[in-house]
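So the chains spell out like this:
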Amino acid sequence: GENVEQHPSTLSVQEGDSAVIKCTYSDSASNYFPWYKQELGKGPQLIIDIRSNVGEKKDQRIAVTLNKTAKHFSLHITETQPEDSAVYFCAASRGYGGATNKLIFGTGTLLAVQP
Amino acid sequence: NAGVMQNPRHLVRRRGQEARLRCSPMKGHSHVYWYRQLPEEGLKFMVYLQKENIIDESGMPKERFSAEFPKEGPSILRIQQVVRGDSAAYFCASSLTSFVDTQYFGPGTRLTVL
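Our subject in this report is the structure included herewith. (Residues numbered from 1 in each chain as written. Chains lettered and ligands numbered in written order. Predicted model: local features only at pLDDT ≥ 70, side-chain atom pairs only at ≥ 80, totals over all residues. Heavy atoms only, no water.)

**Quick notes on the interface of chain A and chain B**
Phase 1: Taken together, the contact between chain A and chain B spans 24 residues of the former and 22 residues of the latter.
Phase 2: With both sides pooled, the region where chain A packs onto chain B buries about 1800 Å², and carbon together with sulfur makes up 53% of that total.
Phase 3: Inspection of the chain A/chain B interface yields zero salt bridges.
Phase 4: There are seven residue pairs in polar contact (both at pLDDT 80 or more) connecting chain A and chain B.
Phase 5: Taken together, the elements giving at least two residues each to the side of chain A that touches chain B come down to strand 4 (32–38) and strand 5 (45–51) of chain A.
Phase 6: Looking at the side of chain A that touches chain B residue by residue, the class counts come to nine nonpolar, 11 polar and four charged. (Contact = heavy atoms within 4.5 Å. Buried area = accessible area lost by both parts, 1.4 Å probe. Salt bridge = Lys/Arg side-chain N within 4 Å of Asp/Glu carboxyl O. Polar contact = N/O pair within 3.5 Å; in protein donor to acceptor, adjacent residues only side chain to side chain. Helix = DSSP H or I, 4+ residues; strand = E, 2+ residues; numbered from the N terminus. Nonpolar A, V, L, I, M, F, W, Y, C, P; charged D, E, K, R; others polar.)

Here it is as structure tokens:
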């Protein structure tokens, strides 16, 4: 069935360092890959997404890369700050019109940025 | 510019009672998704609805759970005869279209079953 694996489950970095989170998906029909940040007691907040026709996307300190051949995508956060500390989830979706757009989520990465 | 709204934010029920969770999508959005997050776990898809239609309920438990999104008013997730295993955070998301579109999440309803 559809599955998204996410690694690592926990990640501790020093402020100013980079953080990388990796995900692998099983459904070759997936074509939409969002990343969400979830702070304690809150709902997931979209931070960046990438569609299958693009290999890389960047938004200030955040970037996502996609390798469709390997069915692998990654989140890169540069110059980390304490406020980046949260749980990060990757997800994958088929997302084609007329059918389900459900997101299949990874298991999450708890990122701790040490001041 | 209100986002996705969910109420109540916290709900306590005793075993055997009914829980009703409400979700109002973002303005202009007609696609609603419900996800469940068990303690220390990721989010699991439950159901996808458009106005007056259930499009995909492949993640819904076969018994006790139902969802609706009427022509007027919020989407409702109903859990009948709750059990302790239903204790979780339930999140609603909405999107503008169904075609590779961003899903925006609400703050969630945290259900505790005593």
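Following the structure, the description resumes.
**Describing the pattern of salt bridges**
Phase 1: Within this structure, the stated rule accounts for nine salt bridges over all chains.
Phase 2: With its nearest N and O atoms 3.8 Å apart, the salt bridge here joins Glu-39 of chain A to Lys-37 of chain A.
Phase 3: For Glu-39 of chain A, a relative accessible area of 29% translates into the label partly exposed.
Phase 4: The partner of Asp-86 of chain B in a salt bridge is Arg-64 of chain B, and the shortest N-O contact between them spans 2.7 Å. With Asp-86 of chain B in the loop between strand 8 (75–79) and strand 9 (88–95) and Arg-64 of chain B in the loop between strand 6 (53–56) and strand 7 (65–68), this pair connects stretches of sequence that are 22 residues apart.
Phase 5: Residue Asp-86 of chain B is classed as buried on the basis of its relative accessible area, which comes to 3%.
Phase 6: In this structure Arg-64 of chain B comes out as partly exposed when scored by relative accessible area, which is 26%. (Buried < 20%, exposed > 50% of the residue type's maximum accessible area, 1.4 Å probe, protein only.)

**Quick look at the state of the cysteines**
Phase 1: The final tally for this structure, using the stated rule, is two disulfides over all chains.
Phase 2: The residue that forms a disulfide with Cys-23 of chain A is Cys-90 of chain A, at a sulfur-sulfur distance of 2.0 Å. Between Cys-23 of chain A and Cys-90 of chain A the sulfur-sulfur dihedral comes to about -100 degrees; the bridge is accordingly left-handed. One end of the pair, Cys-23 of chain A, is in strand 3 (residues 19–25); the other, Cys-90 of chain A, is in strand 9 (residues 86–92), with 67 residues separating them in the sequence. Assigned by exposure class, Cys-23 of chain A and Cys-90 of chain A land together as buried.
Phase 3: The partner cysteine of Cys-23 of chain B in its disulfide is Cys-92 of chain B, sulfur to sulfur 1.7 Å. Here the disulfide of Cys-23 of chain B and Cys-92 of chain B is left-handed, its torsion about the S-S bond being about -50 degrees. Here Cys-92 of chain B lies in strand 9 and Cys-23 of chain B lies in strand 3 (residues 19–24), a separation of 69 residues in the sequence. The pair formed by Cys-23 of chain B and Cys-92 of chain B is uniform in burial state, with each residue classed as buried. (Disulfide = S-S within 2.5 Å.)

**A short note on the sheet that holds strand 1 (residues 5–7) of chain B**
Residues and elements named next belong to chain B.
Phase 1: One open sheet holds the four strands; their spatial order is 1-3-8-7, and the pairing between them is antiparallel. For this open sheet the edge positions go to strand 1 and strand 7, each flanked by a neighbour on one side alone. Neighbour-to-neighbour, the strand axes of the sheet open up by a mean angle of 15 degrees, direction not taken into account. (Pairing = 2+ DSSP bridges. Axes fitted to C-alpha atoms, helices over the stretch in contact; angles between N-to-C directions.)

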